[in-house]
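Observations on the three-dimensional arrangement
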Amino acid sequence: MRVVVQNDKIRTRRLRRATAIRAGIAVLTAAAIASGCTRGDDEAPPPLKAPPARALDDYAAKLRADHAARVAAAQRWGLKETPLRPPSPPAKKPTITTRAGFEVDEHEEQGLPPVFTTVPTDQKVVFLTIDDGAEKDPAFLRMMTDLRIPYTAFLSDYLIKEDYGYFQQMQARGVVLNNHTLNHPYLPDLSYSDQKHEICGMQDVIEKRYGTRPLLFRPPYGNYNSDTLRAAKDCGIKYVPLWNEEVFVDHWDYREWDRDIHPGDIVLSHFRGTDDWAGGMPDMIRVFLDKVTAKGYAVGRLEDYL
């Protein structure tokens, strides 16, 4: 073992003294820079670089610009108020279970997809879903892009095949395209194999045309049985969202007795226009947004919660 001698101790004291002197100089220098006293009174101190402060300023400027754009878009599309910004998606996704009374026989035992009308959340957020694909209004795409309103589409091939490109534009804007069967039949009247053809066939269409295989399926008219959910599961479906409210161009329909919207509610509408309604899809969106905004709700993206 090496013995520590006197010279080592002297060297150690000198090193400690030098370190203390250097530390003191650093402190004094920092204080001088902060007070601007390292230069003459007639000479301006060097500009201090503060990346965090600049980043905050940039972020605030972006928020102001974003808000101004949202206000302008709301005015441009005739909304009563500017839609509220949705909350950030939950870091931990809520557990989705089948709504009581919506189960089929051996639903849980067979691991069938959950059927639900509301997403569990305390946030004042609702989810807009739009079905079938009959109306292909370019103004609707512009409106939803300008307003930055998320929504989920459930498509039937017999209605979209005349213009697959319209829904490709929709997908390019971040909309998820989901399954609403090939031909929109009343599924409980069909055999398991026929239901599977309707559901898996639409899975194939969406995968071929849009490059993804949906995880969400909505049965036409909201009607289903055990075979429907078994076929959906066998076709790769994970969730079967229904709805708690339906919005038209001139009114709302409600599932609940209180005739109101609630946190996490799924809202249904349709790709329809003046052939079916007394107005177009932008009119429906105005009816939808004016109500949810007035009640303090934002519109979230359903897939972010699943």
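Since the structure is predicted, the reported quantities are computational estimates derived from the model, not experimental observations.

A few points about the packing of aromatic side chains
- Scanning the model with the defined rule gives nine aromatic pairs in all.
- With centroids separated by 6.3 Å and ring planes inclined at 85 degrees, the aromatic side chains of F116 and Y239 adopt a geometry described as edge-to-face. With F116 in strand β1 (residues 115–116) and Y239 in the loop between α7 (226–234) and β5 (240–241), this pair connects stretches of sequence that are 123 residues apart.
- Residue classification places Y239 among the partly exposed residues on the basis of a relative accessible area of 21%.
- Taken together, F140, Y151, Y166, F167 and F271 form an aromatic cluster joined through their ring pairs.

Structural notes on α7
- For α7, every residue scored as buried is listed here: T228, L229, A231 and A232. Angular distribution of buried residues about the axis of α7 spans 160 degrees; they occupy a single face of the element.
- Turning to α7, the residues buried within the fold contact β1, α6 (192–210) and β5.
- Where α7 begins, one side-chain oxygen reaches toward the backbone nitrogen of D227, 3.1 Å away; that side chain belongs to N225.
- Positive backbone phi, approximately 95 degrees, marks G236, located one or two places after α7.

Considering the packing of helix α3 (residues 138–147) against helix α5 (residues 164–172)
- Where α3 meets α5, the closest approach of the two axes is 11 Å, and the angle between their N-to-C directions is 0 degrees. Relative to α5, the element α3 lies roughly parallel. Packed against α3, whose contacting residues are P138, F140 and L141, the element α5 presents Y166, Q169 and M170 at the interface.
- Residue composition of the contact of α3 with α5, grouped by class: five nonpolar, one polar and no charged.

A closer look at the pattern of salt bridges
- On inspection of all chains with the given rule, the structure shows 13 salt bridges.
- Two residues, R148 and D66, come together in a salt bridge whose shortest N-O distance is 1.9 Å. On the criterion of sequence distance, the pair formed by R148 in the loop between α3 and β3 (152–155) and D66 in helix α2 (residues 51–76) is long-range, its members being 82 residues apart.
- Residue classification places R148 among the partly exposed residues on the basis of a relative accessible area of 42%.
- The partner of E207 in a salt bridge is R213, with the nearest N and O atoms 2.8 Å apart.
- The class for R213 is partly exposed, based on a relative accessible area of 34%.
- Linked through salt bridges whose partners overlap, the residues forming this network are D66, R85 and R148.

Considerations on the side chain of D131
- Turning to its location among the elements, D131 is positioned in strand β2 (residues 125–132).
- The class for D131 is buried, based on a relative accessible area of 2%.
- Excluding residues that lie within four positions of it along the chain, D131 makes contacts with F154, H180, R218, L268, S269, H270 and F271.

Some details on empty space enclosed by the protein
- Under the criterion given, the structure shown has one cavity of 30 Å³ or more.
- As a volume, the largest cavity reaches approximately 60 Å³.
- Elements supplying a minimum of two residues to the lining of the largest cavity: α8 (281–294) and β9 (298–300).

How each quantity is defined
Residues numbered from 1 in each chain as written. Predicted model: local features only at pLDDT ≥ 70, side-chain atom pairs only at ≥ 80, totals over all residues. Heavy atoms only, no water. Phe/Tyr/Trp six-rings, centres within 6.5 Å; stacked < 30°, edge-to-face > 60°. Helix = DSSP H or I, 4+ residues; strand = E, 2+ residues; numbered from the N terminus. Buried < 20%, exposed > 50% of the residue type's maximum accessible area, 1.4 Å probe, protein only. Arc of directions from axis to C-beta. Contact = heavy atoms within 4.5 Å. Polar contact = N/O pair within 3.5 Å; in protein donor to acceptor, adjacent residues only side chain to side chain. Axes fitted to C-alpha atoms, helices over the stretch in contact; angles between N-to-C directions. Parallel < 35°, antiparallel > 145°, perpendicular 65-115°, else oblique. Nonpolar A, V, L, I, M, F, W, Y, C, P; charged D, E, K, R; others polar. Salt bridge = Lys/Arg side-chain N within 4 Å of Asp/Glu carboxyl O. 1 Å grid on protein atoms, 1.4 Å probe; cavity = no way out; pocket = protein on both sides within 12 Å on 5 of 7 lines; lining within 4 Å. Points joined across faces, edges and corners; volume = space filled by probe spheres on them.

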